[in-house]
Structures are given as C-alpha cells and as structure tokens.
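Chain and residue survey
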Amino acid sequence: METSTENARLNWRENGSGIAVVLLHGFPFSSAMWEPQLSSVPDGFRFIAPDLRGFGSSSAAPGGEDYTMIAFARDVASLLDHLKIERVVLCGLSMGGYVALAFWRAFPARVTGFVFSDTRATADTKEGRASRYDLAEKVRADGSAAVRDAMLPKLLSPATERERPHLVEQVRSMIEIAPEESLRRTLIGMAERPDSEPLLRMITAPTLVLVGADDAITPPGDAQLIARGIRGSRIETIADAGHLPNLEQPAEFNSRFYHFLDHSIRPLAAAHPRA
Ligand code: MLT
C-alpha cells in the first residue's frame, strides 16, 4: 500500500486488525525484513511495517530534508495520520530503534509501548561517526557493495552462517538492492542522531528489550543499557541469533514479542480502549 506526504512517498505492508503495532526496519533493509512477523500476526493486533523513505518502495521528495531519524519518524507519524491511527506500539530493530526513540521525542503521547530489538540509545562515538562518513564515501565509489562488505561479516550469528545459507543469501540481496543515495544519506543521518539515553528514564510505556546473544553490531551490553534506563522494562536474550533475531530465530523472537503484546499491551488496551 502507498501514500504520499509532503516530503515522501511511503509504502507499507500490513496484516491483522486491532491494536496497532508499527514495525520499524533496520539499515539498510525494508519492510521485507518483517516477513516472519507479518505472516503470523497474533489475534487482536494490526502490524504495520513501513518502508522508511529511500528503502523498499518508499522515496523522499526530490530535494527533501535529509534521511535523519526525525525525518523517518515524521514520515511514520504522517502514515499513522493517513491511517487515522492515534496511538501505537513501536517495535524497532537497530536503526528502527533509533527511529522509535526519535518518534517518542517528537510524539510521546502517541506511543503505548516499545519493543527495542538489537539497538542502542546512545549516539555514535567520535570514531563511530567518522567510520560512517568513511563508509558513505566508499558507497559513492562502490555502491551498496561497500555496505554489504562492511556489514555482512558481522550481521549474523555463527549458527545462522552455518545452518541457514539461504537466509545469508537473502540478507545479502536485501543489502545489495538498497539505493546508493539512500545508503549515503542514511549513514549520515545515523551519524548525526542525538544521544537518546537521557530520554530513557522518562519512558513509562511498557517496554520489551530483545537482543541476539551473538549480536556483534549492537551487542547485549547496549540492550542492557536500554533496559536499565527504562523503569519496569524487561530484557530477553535470544540464543543463536546475531543482529537480526527476527529473521534468524523467528519462532523464539515471535514467542517473546507476542507474549509481551498479550500480557503487557492487551490488558492496557482493554483498560483504556482508546490507548
Ligand atoms: C542497523 O541494523 O540498522 C544498523 O546496523 C544500525 C547501525 O549501523 O547503527
């Protein structure tokens, strides 16, 4: 499905009906990475997975603002306006988590719950920022191969590499089809994102933090920092998964995710029907 806002043309996939849950993809993927969740939505929930501008089938208006986390978050808000949905649970994986935090910063009253998967709340370190700019330059020369070569060796768990060659290939092609301009501009957008750690203690919405035990990009320590920051949150580690546990161990990921929706979000929505 597709809608146009002032700044972007947005495509999204969705399935189910009921309490709205927005699935925010990581870099440099698209809504396609949520296939194992979109194909098994629990009863009473509506999963909505946008392609962030520049990824999948979404694009930014020519000359529009940069691919910052707040620009992505505003696009999500426009999509929700278009769908006439006021409040949502946000589930963000990696860069999707950065977007979820940017969304909360701008629209705190619209968030009824969070799932943070394999992400971090802190800004990039000086070195991390410099290597993003470096990679953006390499993309100019080598296209998406530069991102593939930088990310793929760290992305998946040893178990996935060993046992699921098909998935490794699928992930590789998802990276390779990302447009060069989106890669460059989003790398800069991520490098410039603000530190969200101070926000964590202000979050009161029910929160689940998930992390692949073998995540080498946003390791379990980053997830623990988020969980320590958000009062009452719960953290769970998924064995034999790296940075993409929703694809690497979908049954484990879904069982924890759906248990959270069932036990922490459903009762809240029943008590406050407009929540
Ligand atoms: C992602 O998966 O979204 C990226 O690894 C995030 C990042 O590079 O910080």
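Look above for the structure.
Computed from a predicted structure; not experimentally measured.

Rules used in this analysis
- Every residue gets a number counted from 1 within its own chain, in the order that chain's sequence is written.
- Residue-level local features of this predicted model are given only where pLDDT is at least 70; pairs of side-chain atoms are given and counted only at 80 or more, and the full residue set underlies all totals for whole chains, interfaces and linings.
- Excluding hydrogens and water, the side-chain values take into account all heavy atoms of the structure.
- Proximity is defined per residue: if any heavy atom of the residue lies within 4 Å of a molecule or strand, that residue is considered near it.
- Polar contacts here mean pairs of N or O atoms no more than 3.5 Å apart (in protein, one a potential hydrogen donor and the other a potential acceptor; neighbouring residues in sequence count only if both atoms are side-chain atoms).
- For the area figures, the Shrake-Rupley method with a 1.4 Å probe applies, and any residue is considered shielded solely by the protein chains shown.
- Throughout, the protein atoms alone are placed on a 1 Å grid, and a set of points is a cavity if a 1.4 Å probe fits but cannot get out or a pocket if it is open with protein on both sides within 12 Å along at least five of seven lines; lining residues have an atom within 4 Å of a point.
- Any molecule with more than half of its atoms within 2 Å of a cavity's or pocket's grid points is counted as sitting in it.
- Each residue gets one of three labels, nonpolar for Ala, Val, Leu, Ile, Met, Phe, Trp, Tyr, Cys and Pro, charged for Asp, Glu, Lys and Arg, and polar for the others, Gly among them.
- Any two rings among Phe, Tyr and Trp, with Trp reduced to its six-membered ring, count as a pair given centres within 6.5 Å; such a pair is stacked if its planes are under 30 degrees apart, edge-to-face if over 60, and tilted if neither.
- Secondary structure elements follow DSSP: runs of H or I of four or more residues count as helices, runs of E of two or more count as strands, with numbering from the N terminus.
- Relative accessibility thresholds used throughout: buried, under 20% of the residue-type maximum; exposed, over 50%; partly exposed, between the two (1.4 Å probe, protein chains only).
- By definition here, charges over rings are those cases where NZ of Lys or CZ of Arg is within 6 Å of the ring centre and within 35 degrees of the ring normal.
- Every axis corresponds to a line fitted to the C-alpha atoms, with the helix fit spanning only the stretch in contact, and the corresponding angles, defined between N-to-C directions, vary from 0 to 180 degrees.
- Roughly parallel covers angles under 35 degrees, roughly antiparallel covers those over 145, roughly perpendicular covers 65 to 115, and oblique covers all other angles.
- Two residues form a contact once any of their heavy atoms are found within 4.5 Å.
- Each helix should span, by expectation, one fewer than its residue count multiplied by 1.5 Å.
- Two strands form a pair only when DSSP identifies at least two bridges running between them.
- Crossover handedness is defined by viewing with both strands directed away from the observer: a clockwise path from the first strand over the helix to the second marks the crossover as right-handed.

So, on to the site of the ligand. Contacts to the ligand come from Gly26, Phe27, Ser94, Met95, Tyr98, Arg132, Met151, Met190, Ile217 and His243. Within the contact set of the ligand, an oxygen atom lies 2.5 Å away from a side-chain nitrogen or oxygen of Tyr98. One nitrogen or oxygen atom from the side chain of His243 is found 2.8 Å from an oxygen atom belonging to the ligand. Burial of the ligand by the protein chains amounts to 94% of its free accessible area of 270 Å². In a pocket analysis with a 2 Å cut-off to the grid points, the ligand is assigned to the largest pocket. Here the residues of the shell around the ligand sort into six nonpolar, three polar and one charged.

Our focus in this paragraph is the packing of aromatic side chains. Aromatic ring pairs are defined here through the distance separating the ring centres and the angle between the ring planes. A full pass over the atoms with the stated rule returns eight aromatic pairs. Ring geometry for Phe47 versus Tyr258: centroids 5.9 Å apart, planes at 55 degrees, classification tilted. Taken together, the residues span a long stretch of sequence, with Phe47 in strand β4 (residues 45-50) and Tyr258 in helix α12 (residues 250-271) at a distance of 211 residues. Look at Phe47 and you get buried, because its relative accessible area is 0%. Classification of Tyr258 as buried rests on a relative accessible area of 15%. Taken together, a centroid distance of 4.8 Å and an interplanar angle of 20 degrees make the contact between Phe114 and Phe116 stacked. Within the aromatic cluster, the residues linked to one another by ring pairs are Phe47, Phe253, Phe257 and Tyr258. The residue whose ring lies beneath Arg193 is Tyr98, and the NZ or CZ to ring-centre distance is 3.8 Å.

Two elements in contact, helix α4 (residues 126-142) and helix α8 (residues 180-191), have axes whose closest approach is 9 Å; the angle formed by their N-to-C orientations is 170 degrees. Considered as vectors, α4 and α8 are oriented roughly antiparallel to each other. Residues Arg129, Arg132, Tyr133, Leu135, Ala136, Val139 and Arg140 of α4 form the contact with α8, whose own contacting residues are Glu180, Leu183, Arg184, Leu187, Ile188, Met190 and Ala191. Grouping the constituent residues of the contact of α4 with α8 by class yields nine nonpolar, no polar and five charged.

All right, on to helix α5 (residues 144-155) then. Over its 12 residues, α5 extends 15 Å from the first C-alpha to the last, a length consistent with the 16 Å expected when each residue adds 1.5 Å. Of the positions making up α5, those classed as buried are Ser144, Ala146, Val147, Arg148, Met151, Leu152 and Leu155. Buried-residue contacts for α5 involve α4, α6 (158-163), α7 (165-176), α8 and α11 (245-248).

Our focus in this paragraph is α8. Between its terminal C-alpha atoms α8 stretches 17 Å, which fits the 16 Å expected from 12 residues at 1.5 Å a residue. Listed as buried for α8 are Ser182, Leu183, Arg184, Arg185, Thr186, Leu187, Gly189, Met190 and Ala191. Contacts made by the buried residues of α8 are with α2 (69-82), α3 (95-106), α4 and α5.

Let us look at the pairing of strand β6 (residues 88-93). Counting buried positions along β6 yields six of six residues, so the element is predominantly enclosed. Both faces of β6 are covered, namely the face carrying Val88, Leu90 and Gly92 and the face carrying Val89, Cys91 and Leu93. Direction of pairing for strand β3 (residues 19-24) relative to β6: parallel, over a ladder of four bridges. When the sheet's bridge partners are listed, Leu23 is paired in β6 with Cys91. Two strands pair when backbone bridges link them, and β6 and strand β7 (residues 111-117) are joined in this way by six bridges, in the parallel orientation. Residue pairing for β7: Gly92 is matched across the bridge by Phe116. Crossover handedness for the path β6 to α3 to β7: right-handed.

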